[in-house]
Structure formats: structure tokens, C-alpha cells
Amino acid sequence: MISEETYNIITALRDELAEHNYNYYVLAKPIISDFDFDMKLKELEKLEVEFPKFADPNSPTQRVGSDISKDFEQVEHKYSMLSLSNAYSEEEIKDFDTRVKKIIETDCEYVCELKFDGSSISLTYENGELIRAVTRGDGVKGDDVTTNVRTIKSIPLKLRGNNYPVNFEIRGEIVMPFKAFDELNAELEKAGEQLLANPRNTSAGTLKMKNSKVVASRKLDAYLYYMLGKDLPMDGHFENLQKAKEWGFKISDATKICKNLDEVFAFIKKWDVDRHKLPVATDGVVIKVNSKNLQENLGFTAKSPRWAIAYKFKAESVSTILKSVAYQVGRTGAVTPVANLDAVQIAGTVVKRASLHNADIIQNLDLHIGDTVFVEKGGEIIPKITGVDSIKRHPMFPPVIFIKNCPECKSLLIRKEGESAFYCPNEDGCSPQIKGKMEHFVSRKGMDIDGLGQETVDLLYNEGFVKEITDFFQLEKEQLASLERMGEKSALRILDGLKATIQVPFERVLFSLGIRFVGETVAKILVNKLHTIEKIQTATLEELIDIDEIGEKIAESVVDWFSIEKHLQLIEKLKNYGLQFKIDAKHLEGMTEKLKGLNIIISGTFDTHSRDEFKKMIEKNGGKNVGSISKKTSYLLAGKNIGPSKLEKANKLKITIISENDFLKMLN
Ligand code: IVH
């Protein structure tokens, strides 16, 4: 056979098989028998083996996966993968609508979608071909799981038609249908193996399997719900999804445009009932502003878009018996009561424990050991006790009385004014606190030390090799290699990981110190504003509160932490090990004080930059981006379609109104 002819046969077979896949997995309307499909696939496989020069990673034959085990490469997301803020009532959706309208100052359409309960995925397409699939990871970077994702038959490897953007990203949820999950568990049961907890965890676990052949056998599915890129065909998110449907993506038929809140509430009411007929798990409804233009206008907070919200369906509630209450001590010394329950099944998982949060909750519920309690799995993964069936209480059941002493080190617990938690004050002598701090230090969002997880920290602590954070840097290869299930190779990996900590940027170093209320976002704010540990260390309460988004609680915690001599010594030691305690020079580049002392409000839509970009420019140049107009506002940066009420207010308060060009000139 001449080469060109073979090539044509191969591509024709590929196209035909792709079409059958689409009919079967996306439309659920197959037009040939499984047997005929397999015959054609075998024919293609044979040709591809014979003519390896025509190999294509997006050929339908690649959907069967391979036995080659592969570690996942970490890839940075082009656009961060944020999460959604949650609502649990109509009231909260109304508040969301009010917030939206206040910013866009016009009416808008919403798109209602089902909230699929699986694991999120980002797919990148170039010239109509799938080139990369990345998990959410920490939102900034995730694992490249392309090989596994290629095995999911409802995900197009090549797009249909030709009017798709050259380069775009589409995000969605990888799910395991109930049927596939039940079949898998039946197989595991037969083999006497441990059963899987629920479809969501199973889909996430499957996606990260090293053997893509096993992934291929697991019958995962995918629903897509969010398209990103510069050249999307339409302004409407809904309309873009309809295009994506034409290109071969599985878009839920439930997706609907709603013109007002009443239509949104009707959608929620319908799907709260009808979702039980769906083949996959859903846990709510996502409400999105339809226009991309308005979405851009609304922008993002540090964690989620302002243009969308997730309404969570009411949790399923079951009753069971409270057997006992245990107490856990966390890294900050906070003592959390945990209920041990008679095992029950809720929303697809077996529940044996529930968090009781704090002493007040125990008291308000008036809990007694032996009580019949109601348990719910709400927004959080950990179930909670929501009530007691007091009729079933026997008079002999003893009340639950919150402990007075630390369950670990026996110190007398304390309760700070205005706080609901009891604390163990023995910060340096209480094992779970010491271990917790060390685990936090090495964690992925902290110093991210390769090979050092909770288990290894536990072993190192129990062996007496590490007693405080700085001891990590004194570890010897032999000590590490002597640990259970640890070889020389893993030991070297950890030592390399420790050496690499000198490259970790200051904001993560600050986060990993474990100062109360200084999470990722706060650490970033402090570093961007104050630049060096010396400045953070010496900042007064007032100076800290003055920083945008830093409240009294955080400020107090920071001042308290730095007032302890031991903490200052810790920082000195870490400095000696080379960790970074000042902002990266690259970060400082372009930072000026041109807008120092100015409060600027942004409103409308712009041609040259997005609102978020303007916000960043204001902050980089020492100004403050404020949310609402007041006497203190210095400028109103006004774009197109700015609402009349805002303009009127600005005029009344005699606030200078500037255009985007005026603003850019100010920064030249
Ligand atoms: S939109 C910027 N739409 O819910 C956020 N998310 O907490 C874009 N999810 O991580 C997400 N169904 O994994 C969106 N119809 C839907 C969704 C959905 C499920 C998941 C997604 C996301 C999480 C948000």
C-alpha cells in the first residue's frame, strides 16, 4: 500500500470511530453495535502498529490507556482555578443578586447549572485537538493527567466542525456515574477488597491513577461548564456552552437561562427533586451572570468569582446513636470535640464520626451519651450533629461534659475572651500541637517539602529526630533512611526538598510559620504591603489594621505572635538556614508610590485593561482600591456603561472622575 493511501484509510477510520464514540457517550444514541465498533477499532489498532509513523495521541485507540506507569508533571494554570462561594438559602441568593447589581448597575441574565459532584478538570484545546488536561491541584498549579483523561470517552479528542477558537480552555467535572461506581464496588466485594466510599472520591482517585489502562476500565464521564480564552465566539456564557456542545462536548441539558430570581428559584426547586433521577451525583445549583463582559466587570475576590455562586442542596439527615465523645488537639492548641457514632450511611458514605465544633454546641444540643442524634452532611466534608431526639433519651444517659484538661498533656484548658474554643496553652510541650505545627510547615501550601508528609513527620517526632521546625534542617541521611518504609532514595529526596526551601517565596514562608489567622491570602497581603519580616515584626496594631483586608483579629494575632521571644529566635534560625524573609525583587519591580494615599473606586467596563488589572495597578502603585463611594474617595475611575446613580453620587461629593487614559497617564 502506498503511504498516502494508508494514511487516508487510517484517518477515515479514526473519524468514523470518533463519530461513534460521540453518538454513544455524548448523545447516548449509538448507531452501530458494540461488536462492529470493536472490529473497526481492532482494524485501526492493527494499522497503527504496522505504520507507527502515523501515530496520533488523539486517536480513538489511545482511549484504552496504557500500562506504563507515570508520575504526574505539575503544570501551572493559565488562569487560576478558583472555587465558588456557597449559598444555603434563597436569602443568600438574593444577597448575591444585590451585590451583583450594585456593581454592574444594570439588570442581567443568569445561567443556572447543576453543580456536579466530582473532581474539576481543565482541558486545553489547540487547533481543535485536546493537548492537555490538568487537575485543579492547589488552584495555581495542578497535575497533568492528559493520558488518563484521553481514556474518558465523552471527552472529545478532536473537535467537530471548524468554528472553534484556535486556542481555548474548557473546564468541567469528571464524575463517576452511580452505575459504574456500584459495579466497581460489586467487583471489589467479590474480590474481598475494601469498598470505595463514594463516587466523588473514586473519580478523583481514578484520575490520579498511574496506570491509564485501569482508568480506561473505570467508565468515568465528564460534564463541561466553563469556557476560557481570548477569542470565545459569544459574549454569553450560555451561548458559548451551546457552541461547545456543537463541537462535541457534553454539556448538561439542564443548563438554563433565567431572566430573574423567580426563575432561578424555580430551577432550584425542580432540580432539588429531579436530580435523584440523574445518573451522576450533584450537590447543588451554580448560578452565573451570563454576559462575559459583565463577568469581567464583576471580577474576582481572592478565592472566587463575584459573578457566580453555588447554591447547595439541603443535606440529607439520618438518625443514629451517640456512643462517646473524643477530644482532638489541633496545631493551634484548639480542642475540638468529636462524636463517635453508630455507623450510618449518608449521601453515599458511611459515617462513624461527626464534628461537634466546640463546647457551646454540646451545651446547646444538650447532648447525652446514648442519645439518638440527627446527623447531616452539609457543605463541609465532615458531617455534623444537628439535633437530638430527646424522646428516646433514657434518664440514666449521662450528659456530655466538656473536658477541663488537655487530653494529651493534661494542662488546664483555657478559653480566650470572646472565643468559642477551649485551648491547651502548653504550646511547646503538647505533642499534637508540636507535630501539627511541623506538619503545617512542610505542607504543600507551606514549604512544600518533597517526601515529607504527615506520616513521616510523625515518625521523625516519635523517634525524637525532630522536636521543632528548625530540627528538619539538621536531619542526616542515616536518620531518615532508618525510618520505617523509608529507603536511601526517599531520604535523599527529603534532603533535596529541604535544600530547595531557600527558593520558597516569602509569602509562603510566612504562611508556614502557622501564625493564627495568617492563611495564604493574609500572608500574601502582608508581604505585598510590608515587604520584609522586619517591617511585619515591628508593625503596630494600628498600622496592621490600616492595611486593606486586615481586621483587628488578624492584627492582634500577628502582634501577639511577634511579641514572643522564642518566635523571634525561630525566625533568626530560619534566616540562617537561608529561607526568604523579604519579598522577591521580581515582585517589587514596577512597584511605586505614585498613588500613595489615594482611594480609587473603579466602575464600568474598559477597553485597555480588565477591572482586576486596574485594581492590581492601583495596589502596585501604592493606592487603595475601594468598593463604594464616600467623602474619602479620591478618584472615580470610570469606564463605559457606568451607572447613573454612581455618577450622581460622585458629582455630589465632588469626586474627580477620570477615564482609563487619564489613569494610565497618571502612572505614565
Ligand atoms: S463553575 C471560577 N460550574 O464546583 C469557578 N463549577 O466550588 C468556576 N462545579 O471547583 C467553576 N459543577 O469543580 C462551576 N456547573 C458548575 C459546576 C462547578 C461543579 C465544581 C467545580 C468547582 C467547584 C466550586
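Please refer to the structure placed before this passage.
From a predicted model like this one, the values you see are computed outputs, not experimental measurements. (Residues numbered from 1 in each chain as written. Predicted model: local features only at pLDDT ≥ 70, side-chain atom pairs only at ≥ 80, totals over all residues. Heavy atoms only, no water.)

**Student:** Just checking my understanding: could you explain the overall build of the protein for this structure?
**Tutor:** Of regular secondary structure, the protein possesses 25 helices and 22 strands. Taking the principal axes of its C-alpha atoms as reference, the protein extends roughly 80 × 70 × 60 Å. The contacts of the protein with a sequence gap of at least 6 include a subset with a gap of at least 24, amounting to 67%. Computed over 94 positive and 100 negative side-chain charges, the separation of the two mean positions in the protein equals 2 Å. (Helix = DSSP H or I, 4+ residues; strand = E, 2+ residues; numbered from the N terminus. Contact = heavy atoms within 4.5 Å. Lys, Arg positive; Asp, Glu negative; His and termini not counted. Charge placed at Lys NZ, Arg CZ, Asp CG, Glu CD.)

**Student:** Just checking my understanding: could you explain the packing of aromatic side chains for this structure?
**Tutor:** Describing an aromatic ring pair means giving the distance of the ring centres and the angle of the ring planes. If you walk through the whole model with that rule in mind, you get 23 aromatic pairs. Look at Tyr-125 and Phe-249: their rings are 5.1 Å apart centre to centre, the planes differ by 90°, and that puts the pair in the edge-to-face class. On the criterion of sequence distance, the pair formed by Tyr-125 in strand 4 (residues 119-126) and Phe-249 in the loop between helix 8 (237-246) and strand 9 (256-258) is long-range, its members being 124 residues apart. On the basis of an interplanar angle of 25° and a centroid distance of 5.1 Å, the ring pair of Phe-402 and Phe-422 is categorised as stacked. Taken as a pair, Phe-402 in the loop between strand 16 (384-388) and strand 17 (414-415) and Phe-422 in strand 18 (residues 422-423) lie far apart in primary sequence, 20 residues in all. (Phe/Tyr/Trp six-rings, centres within 6.5 Å; stacked < 30°, edge-to-face > 60°.)

**Student:** Explain the nonpolar core here, please?
**Tutor:** Across soluble globular proteins, nonpolar side chains have a tendency to be buried as a group. Of all hydrophobic cores here, the largest spans 53 residues; its most connected members are Phe-441, Phe-472, Leu-510, Leu-526, Leu-544, Ile-550 and Leu-574. If you tally residues by element for this core, the top one is helix 17 (residues 520-530), at 6 residues. Dropping the residues within four chain positions of it, Ile-550 is found in contact with Val-522, Ile-525, Leu-526, Leu-544, Ile-545 and Ala-555. Core analysis: the second largest hydrophobic core is formed by 34 residues, Val-100, Phe-116, Tyr-226 and Leu-294 among them. (Core = buried A, V, L, I, M, F, W, Y, C linked by side-chain atoms within 4.5 Å. Buried < 20%, exposed > 50% of the residue type's maximum accessible area, 1.4 Å probe, protein only.)

**Student:** Any chance you could explain the sheet that holds strand 21 (residues 635-638) here in plain terms?
**Tutor:** Pairing between sheet strands relies on hydrogen bonds along the backbone, with the strands arranged either parallel or antiparallel. Across the sheet, which stays open at both edges, the 4 strands sit in the order 20-19-21-22 with parallel pairing between neighbours. Because the sheet does not close on itself, it has two edges, and the strands there are strand 20 (624-626) and strand 22 (656-658). For this sheet the average axis-to-axis angle between neighbouring strands, irrespective of direction, equals 35°. Across 3 bridges, the pairing between strand 19 (residues 599-603) and strand 20 is parallel. What sits directly across from Ile-600, in strand 20, is Asn-625. The sheet strands contacting helix 23 (residues 611-620) are strand 19, strand 20 and strand 21, and the helix crosses strand 19 at an angle near 175°. Across the sheet, helix 24 (residues 644-652) touches strand 19, strand 21 and strand 22, and the angle it forms with strand 22 is around 135°. (Pairing = 2+ DSSP bridges. Axes fitted to C-alpha atoms, helices over the stretch in contact; angles between N-to-C directions.)

**Student:** What exactly am I supposed to notice about the site of the ligand here?
**Tutor:** Taken together, 14 residues lie near the ligand, and Glu-113, Leu-114, Phe-116, Glu-173 and Tyr-225 sit nearest. Leu-84 places a polar main-chain atom, nitrogen or oxygen, 3.2 Å from an oxygen atom of the ligand. Within the side chain of Lys-115, one N or O atom sits 3.3 Å away from an oxygen atom of the ligand. Per-element tally for the shell around the ligand: the top contributor is strand 3 (residues 110-116), with 4 residues. (Near = heavy atom within 4 Å. Polar contact = N/O pair within 3.5 Å; in protein donor to acceptor, adjacent residues only side chain to side chain.)

**Student:** I'm lost on unusual backbone geometry in this one. Help?
**Tutor:** Only a minority of non-glycine residues have a phi that is not negative, and only a minority of peptide bonds are not trans. Here Lys-219, not a glycine, exhibits a phi torsion of approximately 55°, which is positive. Looking at the element boundaries, Lys-219 is found in the loop between helix 7 (212-217) and strand 8 (221-228).

**Student:** Would you take a moment to explain the environment of Cys-430 for this structure?
**Tutor:** The residue Cys-430 is located in the loop between strand 18 and helix 12 (431-442) in this model. Residue Cys-430 is classed as buried on the basis of its relative accessible area of 0%. Residues Cys-430 and Glu-129, spaced 301 residues apart in sequence, show a C-alpha to C-alpha distance of 55 Å. Setting aside residues no more than four positions away along its own chain, Cys-430 makes contact with Val-329, Cys-406, Glu-408, Cys-409 and Cys-424.

**Student:** Before we go on, may I ask you to explain the side chain of Asn-358 in this structure?
**Tutor:** Residue placement: Asn-358 occurs in the loop between strand 14 (349-355) and helix 11 (359-365). In this structure Asn-358 comes out as buried when scored by relative accessible area, which is 13%. Only 3.3 Å separates the side chain of Asn-358 from the side chain of Ser-420, close enough to count as a polar contact. Here Asn-358 is in contact with Pro-337, Phe-402 and Ser-420, once residues within four sequence places are set aside.

**Student:** Help me out: how do you make sense of the sheet that holds strand 11 (residues 308-312) in this one?
**Tutor:** Spatially, 2-11-10-3-9 is the arrangement adopted by the 5 strands of the open sheet, whose pairing is mixed. Each edge of the open sheet carries a strand with a single partner, namely strand 2 (86-87) and strand 9. Judged from the 7 bridges that link them, strand 3 and strand 10 (residues 282-289) form a sheet pairing that is antiparallel. Looking across to strand 10, one finds that Phe-116 is bridged to Thr-282. With respect to the sheet, helix 3 (residues 90-104) is in contact with strand 2, strand 3, strand 10 and strand 11, its orientation differing from that of strand 11 by roughly 175°.

**Student:** I keep staring at the packing of helix 23 against helix 25 (residues 660-667) and nothing clicks. Help me out?
**Tutor:** For any two helices packed against each other, one specifies the crossing angle of their axes together with the interaxial distance. At a minimum axis distance of 12 Å, the contact between helix 23 and helix 25 shows a crossing angle of 30°. Comparing their axes, helix 25 and helix 23 come out roughly parallel. Here helix 23 runs over helix 25; the crossing is left-handed. Between helix 23 and helix 25, the contacting residues are Phe-614, Met-617 and Ile-618 on the first element and Glu-660, Phe-663, Leu-664 and Leu-667 on the second. Taken together, the residues of the contact of helix 23 with helix 25 sort by class into 6 nonpolar, no polar and 1 charged. (Parallel < 35°, antiparallel > 145°, perpendicular 65-115°, else oblique. Left-handed = near helix turned anticlockwise from the far one by under 90°. Nonpolar A, V, L, I, M, F, W, Y, C, P; charged D, E, K, R; others polar.)

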